[in-house]
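Structural overview
So the chains spell out like this:
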Amino acid sequence: MVRVDGKSNGSLIQVRNLDKRYQRGSEEIHVLQGLNLDVEAGDFVAFMGPSGSGKTTLLNLLGGLDVPTSGSITVAGDEISALSAQKLTSWRARHVGFIFQMYNLIPVLTAFQNVELPLLLTKLSKAERKRHVETVMELVGLADRMQHFPRQLSGGQEQRVAIARAIVADPTFLLADEPTGDLDRRAADEIMELIDRLVNEHGKTVLMVTHDPRAADRAHAVLHLDKGVLIEAA
Amino acid sequence: MKYFALLWANLKRKKIRTTLTIGSFLIALMLYGVLAAVHAAFYQGVEVAGTDRLVVINRVSLIQPLPLSYRERLLQLDGVKAVTHASWFGGVYQDERNFFPQFAIETESYRQMFPEFAIPDDQWAAFAADRQGCVVGAATARRYGFKLGDRVPIKGTIFQGTWEFNVRAIYRGTRQGDDETQYWFHKKYLEENGPAFFRGLVGWYTVKVSNPDQATAVGKAIDDRFANSSYETKTEPEKAFAAAFVKQMGNIELLILTIGGVVFFTLLLVTANTMATSVRERTSELAVLKTVGFSDLFVLGMVLAESVVIALQGGLLGVLAAVAIAPGLSQAMPGMTFFVPTWDLVLGVGLTVLVGLVAGLVPAWSAMRLRVVDALRRV
């Protein structure tokens, strides 16, 4: 159950009074203003809102890529807003899977090697890493494309590889920043189908930023961000 | 090892650029290796000079002789263990281009004085028994095809006429850098058949001291002994004598250091530029690596490792090329032995790694400091 009133306890992701301000020259930009959020394990949340409303900033803060000006973010009991940059990096490796709009695969690595990247940070053996990669490549339907380079794949296939990379280390939750933003309708539907399956069949927790109402429709909850304030959709 | 695929893939990203950078290292290190070989060729006499040997020459100059009678007087001095002498002959074989150093030596003591030159006993005995015999260095023998028993005519330039010698022995150096181009024959042969002006005279003496720590004192005692005579002496350690001899040809060391310095500095700029471009092109990828959980230090190490691997590939190929070229130089410049000393090989590879590290430092630092949020925003 997703809540934005800050009155829930024991949720997987707990955001309290989150503030984020940027200084641009002499101007201070107040991106997020006292935001509260509770997300349970297995939830699928979509964030919508106009450009510049703070969606990506919120995602960056939840993923430990940026630090809040004030307020707290707690994930599975760890208050990440209090972690050092170094600890935040290793926390990210264990807990967060990122899916980007532009896929962001490493072009000189094969699909297999791209997916294997997060596992290089674990103590898994080469054989174990191979088994994990093969499993997730099977899951995203690209078992026969493992030795292909990103340039040899379609946009939809690239995004599937990116999803495989995001889930291969079995993170606590997934953050998706407009995962269908660069895809045609058919490919976008396939990607959303896949994310649906990850949530409903594999119990993954997903927080997604999107402009696409059809993508948002698949989420358990749709939250609107406007001028730094989070509003639950009806 | 598990990160090797990532490192290797990055190196293959821009094959032409990487190959050209490796090529610039190859050329630079090859040049370094050749310069080191030239340096070694000129200074090999200095490097291998004995610490327990002194060279006694005429105080006026090396080309002025000393009396043969000094031998006994030198042997009487405290701290002198052995004495031998040699005289520069300065002949040519067939024509002027075929030059190699010929010395008229004192047969009995010369071999003991220079044990680094290995000569089989039977060959030495054959040389000692033949007044017209000669001992040829292995390099010279190889170059002109001299074999034991060959009769070799040498045209004198100082001592006029054609002098016939029988090759009785071939010597080999026992250490890297030993000069194998010399040609020795009996001083007695020169004494008997040479002009009257050189009778009873020698070119220089080599003195072995009992204790190398007292070499300076013994040298001073020698010069004091012959002070105010018709033939005053100048005594130097063999190393200093060899170094002074090389310096007559100019400051080769400074020349080599200057060229080497310019080459390495240029290389530093080339590699730094390559690495900076490479990092700039990969901003988003580096951000993705950090997003996935790779640390700032990992990214720093990865960029540095790429820079060093590029440098090392070119550097190793370059020094290997120099090693391959050195024998060709020896053939092209008779009378000199070119080789790249092991220490210079190690130093070259070390310098390569250093240049790779320094060149990669600034790009690696900026990659490490890259903020993920800023970098992803640029995508």
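The coordinates are above.
Below you will find a few notes about this structure.

Cut-off values and rules
- Residues numbered from 1 in each chain as written.
- Chains lettered and ligands numbered in written order.
- Predicted model: local features only at pLDDT ≥ 70, side-chain atom pairs only at ≥ 80, totals over all residues.
- Heavy atoms only, no water.
- Helix = DSSP H or I, 4+ residues; strand = E, 2+ residues; numbered from the N terminus.
- Rg over C-alpha atoms; globule rule 2.2 N^0.38 Å.
- Buried < 20%, exposed > 50% of the residue type's maximum accessible area, 1.4 Å probe, protein only.
- Contact = heavy atoms within 4.5 Å.
- Buried area = accessible area lost by both parts, 1.4 Å probe.
- Salt bridge = Lys/Arg side-chain N within 4 Å of Asp/Glu carboxyl O.
- Polar contact = N/O pair within 3.5 Å; in protein donor to acceptor, adjacent residues only side chain to side chain.
- Nonpolar A, V, L, I, M, F, W, Y, C, P; charged D, E, K, R; others polar.
- Axes fitted to C-alpha atoms, helices over the stretch in contact; angles between N-to-C directions.
- Parallel < 35°, antiparallel > 145°, perpendicular 65-115°, else oblique.
- Left-handed = near helix turned anticlockwise from the far one by under 90°.
- Phe/Tyr/Trp six-rings, centres within 6.5 Å; stacked < 30°, edge-to-face > 60°.
- Pairing = 2+ DSSP bridges.
- Lys, Arg positive; Asp, Glu negative; His and termini not counted.
- Core = buried A, V, L, I, M, F, W, Y, C linked by side-chain atoms within 4.5 Å.

1. Remarks on the overall build of chain A
For chain A, the helix and strand inventory stands at 7 helices and 10 strands. Here the C-alpha atoms of chain A give a radius of gyration of 18 Å, agreeing with the 17 Å that 2.2 N^0.38 yields for 234 residues. For chain A, the spread of C-alpha atoms along the three principal axes comes to 50 × 40 × 40 Å. Taking all 234 residues of chain A together, 55% fall into the buried category.

2. What to know about the interface of chain A and chain B
In this complex, chain A contributes 23 residues to the contact, which on the side of chain B involves 22 residues. Between chain A and chain B, the buried area comes to about 2,000 Å², and carbon and sulfur atoms account for 69% of it. Among the residues chain A hides against chain B, the three largest losses belong to Val108(A), Leu120(A) and Leu121(A). Together they make up 25% of the total. At the boundary of chain A and chain B, one finds 1 salt bridge. Across the pair Arg371(B) and Asp66(A) runs a salt bridge whose closest N-O atoms are separated by 3.4 Å. On the surface where chain A and chain B come into contact, there are 6 residue pairs in polar contact (both at pLDDT 80 or more). Here the side of chain A that touches chain B is composed, by residue class, of 14 nonpolar, 5 polar and 4 charged.

3. Side note on the packing of helix α5 (residues 155–167) of chain A against helix α6 (residues 185–200) of chain A
All names here are of chain A. The interhelical angle for the contact between α5 and α6, taken along N-to-C directions, is 20 degrees, at an axis separation of 9 Å. Considering the angle they form, α5 stands roughly parallel to α6. Our pair here, α5 against α6, has a crossing hand that is right-handed. Judged by residue contacts, Gly-156, Gln-159, Arg-160, Ile-163 and Ile-167 of α5 engage Ala-187, Glu-190, Ile-191, Leu-194, Ile-195 and Leu-198 from α6. Its residues placed into classes, the contact of α5 with α6 shows 7 nonpolar, 2 polar and 2 charged.

4. Examining the packing of aromatic side chains
For any pair of aromatic rings, the description consists of the separation of the ring centres together with the inter-plane angle of the planes. All names here are of chain B. The full count for this structure, using the stated rule, is 35 aromatic pairs over all chains. Each ring, one from Phe-89 and one from Trp-163, has its centre 5.4 Å from the other, and the planes form 80 degrees; the classification is edge-to-face. Note that Phe-89 is positioned in the loop between β3 (80–88) and β4 (102–105) and Trp-163 in strand β8 (residues 162–173), a separation of 74 residues in sequence. Classification of Phe-89 by relative accessible area gives buried; the value is 1%. An angle of 85 degrees between the planes, with centres 5.0 Å apart, marks the rings of Tyr-93 and Phe-146 as edge-to-face.

5. Some words on the environment of Gly348(B)
All names here are of chain B. When you line up the elements, Gly-348 lands in helix α13 (residues 342–369). For the pair Gly-348 and Gly-318, spaced 30 residues apart in sequence, the C-alpha to C-alpha distance is 9.3 Å. The contacts of Gly-348, once residues within four sequence positions are left out, are Leu-29 and Tyr-32.

6. Thoughts on the sheet that holds strand β4 (residues 70–75) of chain A
Residues and elements named next belong to chain A. Strands sit in the order β2-β1-β4-β5 across an open sheet of 4 strands; the sheet is antiparallel. Here the strands that pair on one side only, and so sit at the sheet edges, are β2 (27–39) and β5 (78–79). Direction of pairing for strand β1 (residues 13–24) relative to β4: antiparallel, over a ladder of 5 bridges. Opposite Ile-13, over in β4, you have Val-75 as the bridge partner. Sitting on the sheet, helix α1 (residues 55–62) touches β1, β2 and β4, and the angle it makes with β1 is about 120 degrees.

7. Thoughts on unusual backbone geometry
Where the residue is not glycine, phi is negative for most of them; where a peptide bond is considered, it is trans in most cases. The backbone phi angle of Asn104(A) is positive, close to 55 degrees, even though this residue is not glycine. Position of Asn104(A) relative to the elements: it lies in the loop between β6 (96–99) and α3 (111–116). On the accessibility criterion, Asn104(A) (10% relative accessible area) is buried. Even without being glycine, Gln94(B) reaches a positive phi, approximately 65 degrees. With respect to the secondary-structure elements, Gln94(B) resides in the loop between β3 and β4. Residue classification places Gln94(B) among the exposed positions, given a relative accessible area of 60%.

8. A closer look at the side chain of Glu178(A)
Residues and elements named next belong to chain A. Within the secondary structure, Glu-178 sits in the loop between β7 (173–177) and α6. Buried within the structure, Glu-178 lacks any salt-bridge partner; Lys-55 is the closest side chain of opposite charge, at an N-O distance of 5.3 Å. Of note is the side chain of Glu-178, whose polar atom sits 3.1 Å from the side chain of His-211. With sequence-adjacent residues up to four places away left out, Glu-178 is seen in contact with Gln-101, Val-209, Thr-210 and His-211.

9. Focus: the nonpolar core
Side chains of a nonpolar character, in soluble globular proteins, are inclined to be buried together. In this structure, Ile13(A), Leu35(A), Leu37(A), Phe47(A), Leu62(A) and Leu207(A) are the most contacted members of the largest nonpolar core, which totals 65 residues. Of all the elements, helix α12 (residues 296–332) of chain B adds the most residues to this core, at 7 residues. In terms of nonpolar packing, the next biggest core, distinct from the first, is built from 41 residues, Phe44(A), Ala46(A), Ala166(A) and Leu198(A) among them.

10. Considerations on the pairing of strand β9 (residues 221–226) of chain A
Residue and element names in this part refer to chain A. By the bridge criterion, 4 bridges tie strand β3 (residues 44–48) to β9 in an arrangement that is parallel. Considered in β9, the bridge of Val-45 is made with Ala-221. Bridging between β9 and strand β10 (residues 229–232) involves 4 bridges; their strand directions are antiparallel. Pairing of Asp-226 across the sheet is with Val-229, part of β10. The turn linking β9 back onto β10 is made up of 2 residues, and Lys-227 within it adopts a positive phi angle of 55 degrees.

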